[in-house]
Number of protein chains: 4
Amino acid sequence: MLPGFLTRAVELLLGRDGRNRPLHLRAAGGATVVLVVVMLLGSWAVIVAEQGAARANLTSYPKALWWSIETATTVGYGDFYPVTFWGRVVGAVVMVVGITTYGMVTAALATWFVGREQKRHRLAHHAHELCEETARALHERFDRLERMLTRGGGPD
Amino acid sequence: MLPGFLTRAVELLLGRDGRNRPLHLRAAGGATVVLVVVMLLGSWAVIVAEQGAARANLTSYPKALWWSIETATTVGYGDFYPVTFWGRVVGAVVMVVGITTYGMVTAALATWFVGREQKRHRLAHHAHELCEETARALHERFDRLERMLTRGGGPD
Amino acid sequence: MLPGFLTRAVELLLGRDGRNRPLHLRAAGGATVVLVVVMLLGSWAVIVAEQGAARANLTSYPKALWWSIETATTVGYGDFYPVTFWGRVVGAVVMVVGITTYGMVTAALATWFVGREQKRHRLAHHAHELCEETARALHERFDRLERMLTRGGGPD
Amino acid sequence: MLPGFLTRAVELLLGRDGRNRPLHLRAAGGATVVLVVVMLLGSWAVIVAEQGAARANLTSYPKALWWSIETATTVGYGDFYPVTFWGRVVGAVVMVVGITTYGMVTAALATWFVGREQKRHRLAHHAHELCEETARALHERFDRLERMLTRGGGPD
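Source: prediction; values computed, not measured.

## Here's the deal with the overall build of chain A
Here comes step 1: Counting its regular elements, chain A contains five helices and zero strands.
Here comes step 2: For chain A, the α and β elements follow one another from N to C terminus as α-α-α-α-α.
Here comes step 3: The 156 residues of chain A split such that 46% are buried.
Here comes step 4: The long-range share in chain A, meaning contacts at least 24 apart out of those at least 6 apart in sequence, stands at 53%.
Here comes step 5: Split by element, the accessible area of chain A, about 8400 Å² in all, is 62% carbon and sulfur.

## Things to note about the UniProt feature "transmembrane region" (unreviewed entry) in chain A
Residues and elements named next belong to chain A.
Here comes step 1: Mapped onto the present numbering, the UniProt feature "transmembrane region" (unreviewed entry) falls at residues 23-47 and 89-114.
Here comes step 2: Spanning residues 23-47, this segment combines 100% helix with 0% strand, and its end C-alpha atoms are found 36 Å apart.
Here comes step 3: Annotated as 100% helix and 0% strand, the span residues 89-114 places its first and last C-alpha atoms 37 Å apart.

## Some words on the interface of chain A and chain D
Here comes step 1: Counting residues at the interface gives 42 residues for chain A, matched by 35 residues for chain D.
Here comes step 2: Across the chain A/chain D interface, buried area totals approximately 3400 Å², and carbon plus sulfur atoms make up 74% of it.
Here comes step 3: In this assembly, chain A and chain D are joined by three salt bridges.
Here comes step 4: Among the salt bridges present, the one from E146(A) reaches R144(D), with a minimum N-O distance of 2.7 Å.

## Focus on the interface of chain C and chain B
Here comes step 1: The interface of chain C with chain B comprises 42 residues on the first partner and 35 residues on the second.
Here comes step 2: Carbon and sulfur atoms make up 74% of the area that chain C and chain B hide from each other, which totals about 3400 Å².
Here comes step 3: Connecting chain C to chain B are three salt bridges.
Here comes step 4: Seen at the junction of chain C and chain B, the total is five residue pairs in polar contact (both at pLDDT 80 or more).
Here comes step 5: When residues of the side of chain C that touches chain B are traced back to their parent elements, those giving at least two are α2 (23-50), α3 (61-72), α4 (85-120) and α5 (123-152) of chain C.

## A word on the relation of the copies chain C and chain B
Here comes step 1: When chain C is brought onto chain B, the operation consists of a screw motion whose angular component is 90° and whose axial shift is 0.1 Å, with 0.2 Å RMSD remaining. Each copy turns onto its partner about a four-fold axis.

## What about the UniProt feature "domain: Potassium channel" (unreviewed entry) in chain A?
Here comes step 1: UniProt records the feature "domain: Potassium channel" (unreviewed entry) for residues 36-113 of chain A in the present numbering.
Here comes step 2: Between the end C-alpha atoms of residues 36-113 of chain A there is a gap of 25 Å, over a span that is 72% helix and 0% strand.

## What to know about the pattern of salt bridges
Here comes step 1: This structure, assessed with the given rule, holds 12 salt bridges over all chains.
Here comes step 2: Through salt bridges with shared partners, a single network forms among R141(A), R144(A), D143(B) and E146(B).

## As for the side chain of E117(B)
Here comes step 1: In this fold, E117(B) is placed in helix α4 (residues 85-120).
Here comes step 2: With relative accessibility at 15%, the residue E117(B) sits in the buried group.
Here comes step 3: Those residues in contact with E117(B), other than ones at most four positions away along the chain, are P22(C), H24(C) and T111(C).

## Here we look at a nonpolar patch on the surface
Here comes step 1: A cluster of nonpolar residues, F85(A), W86(A), V89(A) and V93(A), forms a patch on the protein surface that exposes about 430 Å² of accessible area.
Here comes step 2: The topology assignment puts V93(A) in helix α4 (residues 85-120).

## A word on the packing of aromatic side chains
Here comes step 1: Considering all chains together, one arrives at 20 aromatic pairs over all chains under this definition.
Here comes step 2: An angle of 40° between the planes, with centres 6.2 Å apart, marks the rings of Y77(B) and Y81(C) as tilted. Of the two residues, Y77(B) is situated in the loop between α3 (61-72) and α4 and Y81(C) in the loop between α3 and α4; the pairing between them involves two chains.
Here comes step 3: With centroids separated by 4.9 Å and ring planes inclined at 90°, the aromatic side chains of F142(B) and F142(C) adopt a geometry described as edge-to-face. Taken together, the residues span two chains, with F142(B) in helix α5 (residues 123-152) and F142(C) in helix α5.
Here comes step 4: By relative accessible area, which is 1% here, F142(B) ends up buried.
Here comes step 5: Through successive ring pairs, a cluster of aromatic residues spans F142(A), F142(B), F142(C) and F142(D).

## So, the packing of α4(A) against helix α2 (residues 23-50) of chain B
Here comes step 1: Their axes nearest at 8 Å, the elements α4(A) and α2(B) cross at an angle of 140°. When the axis of α4(A) is compared with that of α2(B), the two are oblique. Here W112(A), F113(A), R116(A) and E117(A) of α4(A) lie close against α2(B), whose contacting residues are L23(B), H24(B) and A27(B).
Here comes step 2: Residue composition of the contact of α4(A) with α2(B), by class: four nonpolar, one polar and two charged.

## Quick notes on α2(B)
All names here are of chain B.
Here comes step 1: Helix length check: α2, at 28 residues, gives a terminal C-alpha distance of 38 Å against a target of 40 Å (1.5 Å per residue), a fit within 8%.
Here comes step 2: Bending of α2 peaks at approximately 25° at the position of G42.
Here comes step 3: In the segment just after α2, G52 is the residue with positive phi, at about 90°.

## Here we look at the confidence of the model for chain A
All names here are of chain A.
Here comes step 1: Averaged over chain A, the pLDDT score is 83; the fraction of residues at 70 or greater is 77%.
Here comes step 2: The element-level mean pLDDT for chain A is lowest in helix α1 (residues 2-14), coming to 58, with helix α3 (residues 61-72) highest at 95.
Here comes step 3: For this predicted complex, the interface confidence score (ipTM) comes to 0.74, while the overall pTM stands at 0.79.

Rules of the game
Residues numbered from 1 in each chain as written. Chains lettered and ligands numbered in written order. Predicted model: local features only at pLDDT ≥ 70, side-chain atom pairs only at ≥ 80, totals over all residues. Heavy atoms only, no water. Helix = DSSP H or I, 4+ residues; strand = E, 2+ residues; numbered from the N terminus. Buried < 20%, exposed > 50% of the residue type's maximum accessible area, 1.4 Å probe, protein only. Contact = heavy atoms within 4.5 Å. Areas by Shrake-Rupley, 256 points an atom, 1.4 Å probe, with all protein chains shown as cover. UniProt positions renumbered as here; feature names shortened; annotations may be inferred. Buried area = accessible area lost by both parts, 1.4 Å probe. Salt bridge = Lys/Arg side-chain N within 4 Å of Asp/Glu carboxyl O. Polar contact = N/O pair within 3.5 Å; in protein donor to acceptor, adjacent residues only side chain to side chain. Least-squares fit on C-alpha atoms with pLDDT ≥ 70 in both. Patch = residues over 30% accessible without salt bridge, like charges linked within 9 Å, V, L, I, M, F, W, Y side chains within 5 Å. Phe/Tyr/Trp six-rings, centres within 6.5 Å; stacked < 30°, edge-to-face > 60°. Axes fitted to C-alpha atoms, helices over the stretch in contact; angles between N-to-C directions. Parallel < 35°, antiparallel > 145°, perpendicular 65-115°, else oblique. Nonpolar A, V, L, I, M, F, W, Y, C, P; charged D, E, K, R; others polar. Expected span 1.5 Å × (residues − 1). Bend = angle between axes of the 7 residues up to and from the residue. pLDDT = per-residue confidence, 0-100.

If you want it as structure tokens, here you go:
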């Protein structure tokens, strides 16, 4: 059931034709998928790591899933936290992947906004239009000149 | 009173003619409004969810509002936190909406700054001016050529 | 001593001729100054607000300053936190100003990086050079044409 | 062993010919290296600072390293925190360096995404191509005009 959910999430976020999508959408979508996988696997790994530790408070999967959410969002209430070496390694991975994902989403949003603003002011479009208009006008002047020359140099 | 406040906030942030505003302002303003609504409703929802739980510490609306502020900003002192399944679902929503809002505000600020820098260097403006100037000069050369031809090919 | 330090910080960050600096530098610098002022004043305000509260843990200025640092950076260990209404209002202000400042600094860094990349690829510069070169070449062609016409239509 | 690891990390992130790399990659890579150094040195410094304090909980290097990770990522569970003045100064440095690094990485990602989007739409490239094409067409018109004039003004 879990792999099915993941496959669907990957398809939703990246699409079947994901290779044609712009880099920032693929990066933000891919990072979100990686974050969800890291949180789901990390919750399981942290329980395995904490098993048998004296003051372990991460003792069941639902608790560990809640811990991975508050860790990845960097809230960190302190109601649950790893106390063993490998548990803390898992925690560090969840933290770093979480922060990197928010950075990617923020950067992707900025890229989307900047692109929309540039379209809105139609900077490139304007430049194109102006250039093509100028070129057309100059060609018309050449046509007129050539007509003048063929008339002037014709059977006069 | 609350809906009145919200209506005013929406008007302030999005304006009556919000559809003409650039995307990044609408996105950042809209996300801020959604965050405020999620925090106000989440504070109420978390109390309902936590009611009757043995070790519940979120027991009144003012406490829950303070909890939603420190959760949305990802500070998370740990003085208040949900202990039930649905309370934690509400908490996860507040966290994710909070982080996404800061991402949107940061991205909107970046778009604003980048736009101001491009205006400052007047990149597009310069290119336009230069192009129009060049076109005008070339048209003047054509006028001069045509005057030369009509004189040369006239009653000589 | 404190106002002297603040005046110097404002001068260092904004400069005497701050009005000529680009918006993103002024915004990031100004937000940093506002954050430092909010943290220094907030540390004092939170002690005043917490005075007399039964379970208050923010009882001295050094403690409150450390609390304002871990609050503004959204670390929030939970070793210190406000327990009164006005103390929490001060806390909320410190959190929001802190987050907004990091958003402004991140956006200013992005603007700086984007500007440097565009200079590096010399997009605008290239376009200018190409346009001027084309215009010069076309003017030379006109000069040659006119010389041909004046020779051809001269005393032949 | 530690300096060797650091030298390798610097080489990996900045490269031997780091001066030719774009600013945003150097800034994000450099900030990451500085963050790792600050975390490794800060873990040692905070133990020295906390030594002998009555309620100190940062008592060994592994604990302090875990504390520096959760501090730099702004998670802050509250299982470990400094209680002395100099320990808190070290903590503040780790926090500020951590946040600045994430800001730099986010800004570098945004710059990378924006650059890729601009390449994708080939704004600058298009403008160049169009300009060169226009210039070539106008030169051909001049060639044709000159041939007409030399024929017309030749042995007629």
